[in-house]
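So the chains spell out like this:
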Amino acid sequence: TAFRTMWPSFVIVLVNEICVMSLLGSLDQIDRIQSMRGRIWVFETLKAKVTEVMGKVEQEFEQIEQLQSMWLHRSLPSLSILGQIHTHLADLDREEKQAILEGSQATLGADRLEFLRGANVKFSSLQQKLGGLEEWNKDSRSHSEEWREGVGKLLQGCANKGVHDMIEMIE
């Protein structure tokens, strides 16, 4: 009879023991799940950092492209035009020195001054027509990339002409 009164308690203890054993068997899986959740959090954090860095790199690349466009389509052709003007002035200097050596009266100084004044006025006018440097940004809505490329080709075409033709084209 003692067994009969203890039987329900024995069954409850047995069921509890089975539950504890299954829980202990599942602890390894629970531990793996928690470990994976930790890894997921780490990877999500790293992904957010990489996305942030990638955004910054894309912005920097865009700025580099803008500067490259400005250099290619505005600065280089303008420098080429200025180089042509410089070369012409050097030629005028050589002609004046040659005239002095030959004993003829040198009047090239006045020609040089007139040429330089005209070139300065026309080059300044060209720079005003091209607009400010901030207008060459891709963010600027005033000019498209096609417009910039067209201006670059036009300026390069000017630079490839003779200096007098080039100055006349600038107008």
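Keep in mind that this is a model prediction, so the values were computed, not measured. (Residues numbered from 1 in each chain as written. Predicted model: local features only at pLDDT ≥ 70, side-chain atom pairs only at ≥ 80, totals over all residues. Heavy atoms only, no water.)

**A closer look at the overall build of the protein**
Stated formally: Each helix is a run of H or I in the DSSP string that is no shorter than four residues. Each strand is a run of E no shorter than two, and both are numbered from the N terminus. Categorising residues by exposure relies on relative accessible area from a 1.4 Å probe, with only protein chains included: less than 20% of the type maximum marks a residue as buried, more than 50% marks it as exposed, and the intermediate range marks it as partly exposed. We call two residues in contact when some of their heavy atoms are within 4.5 Å. Note on areas: these come from Shrake-Rupley sampling with a 1.4 Å probe, and a residue is covered only by the protein chains present in the view.
A count of helical and extended segments in the protein gives four helices and zero strands. A total of 171 residues make up the protein; the buried ones form 20% of that total. A sequence separation of at least 24 residues applies to 69% of the contacts in the protein between residues at least 6 apart. A total of about 13100 Å² of accessible surface is found on the protein, and carbon and sulfur atoms cover 60% of it.

**Here we look at the pattern of salt bridges**
Rules: Take a side-chain nitrogen of Lys or Arg and a carboxyl oxygen of Asp or Glu: if they are within 4 Å of each other, that pair is a salt bridge.
Counted according to the given criterion, the structure contains four salt bridges. With its nearest N and O atoms 2.6 Å apart, the salt bridge here joins Arg32 to Asp28. One end of the pair is Arg32 and the other is Asp28, both in helix α1 (residues 2–102) and four residues apart, which spans about a single turn. Asp28 gets classed as partly exposed once you look at its relative accessible area, which sits at 40%. For Asp91, the salt bridge goes to Arg94, with nearest N and O atoms at 2.2 Å. Remark: Arg94 and Asp91 occur in helix α1; sequence separation between them is three residues, near one turn of the helix.

**Some points on the environment of Leu155**
Among the structural elements, Leu155 can be located in helix α3 (residues 145–159). Sequence separation between Leu155 and Ser80 is 75 residues; the distance between their C-alpha atoms is 8.8 Å. Ignoring any residue separated from it by four or fewer positions in sequence, one finds Leu155 in contact with His73, Arg74, Pro77, Ser78, Ile81, Leu126 and Leu130.

**Topic: a nonpolar patch on the surface**
To keep things clear, this is the line we draw: Exposure above 30% relative accessible area and the absence of a salt bridge qualify a residue for a patch, where like charges join within 9 Å and nonpolar side chains (Val, Leu, Ile, Met, Phe, Trp, Tyr) within 5 Å.
Judged by side-chain polarity, Trp7, Phe10, Val11, Leu14, Val15 and Ile18 come together as a nonpolar surface patch covering roughly 550 Å² of accessible area. On the basis of relative accessibility, which here comes to 42%, the residue Val15 falls in the partly exposed class.

**Some words on α3**
Convention followed: A helix is expected to reach a length of 1.5 Å times the quantity of its residues less one. Picture the helix axis, draw a direction to every C-beta atom, and the arc is the one those directions span.
Compared with the 21 Å implied by 1.5 Å per residue over 15 residues, the 21 Å span of α3 between its first and last C-alpha is a close match. Looking at α3, one finds that the buried residues are Arg148, Val151, Gly152, Leu155, Cys158 and Ala159. For α3, the buried positions fall inside an angular range of 120° around the axis, keeping them on one side. Residues of α3 that are exposed and point over 90 degrees away from its buried face: Glu146, Lys153 and Leu154.

**Let's talk about the nonpolar core**
Filter applied, for reference: Nonpolar cores were defined as sets of buried Ala, Val, Leu, Ile, Met, Phe, Trp, Tyr and Cys residues, with membership established by side-chain atoms within 4.5 Å.
Ile81, Ile85, Leu89, Leu126, Leu130 and Leu155 are the most contacted members of the largest nonpolar core, which totals 13 residues. For this core, the elements supplying multiple residues, two or more each, are α1, α2 (108–130) and α3. When near neighbours in sequence (up to four residues on either side) are disregarded, Leu89 contacts Arg112, Phe115 and Leu116.

**What about the side chain of Ser69?**
Relative to the elements of secondary structure, Ser69 occurs in helix α1. Owing to a relative accessible area of 6%, Ser69 belongs among the buried residues under this scheme. Sequence-distant contacts of Ser69, defined by excluding residues within four places in its chain, comprise Arg74, Glu145 and Arg148.

**Section: the confidence of the model for the protein**
As a reminder, the rule being used: Predictor confidence is given residue by residue as pLDDT, running from a minimum of 0 to a maximum of 100.
Per-residue pLDDT for the protein averages 82, and the proportion of residues at 70 or more is 85%. Of all helices and strands in the protein, the one with the weakest mean pLDDT is helix α4 (residues 163–170) (63), whereas α1 scores best (88).

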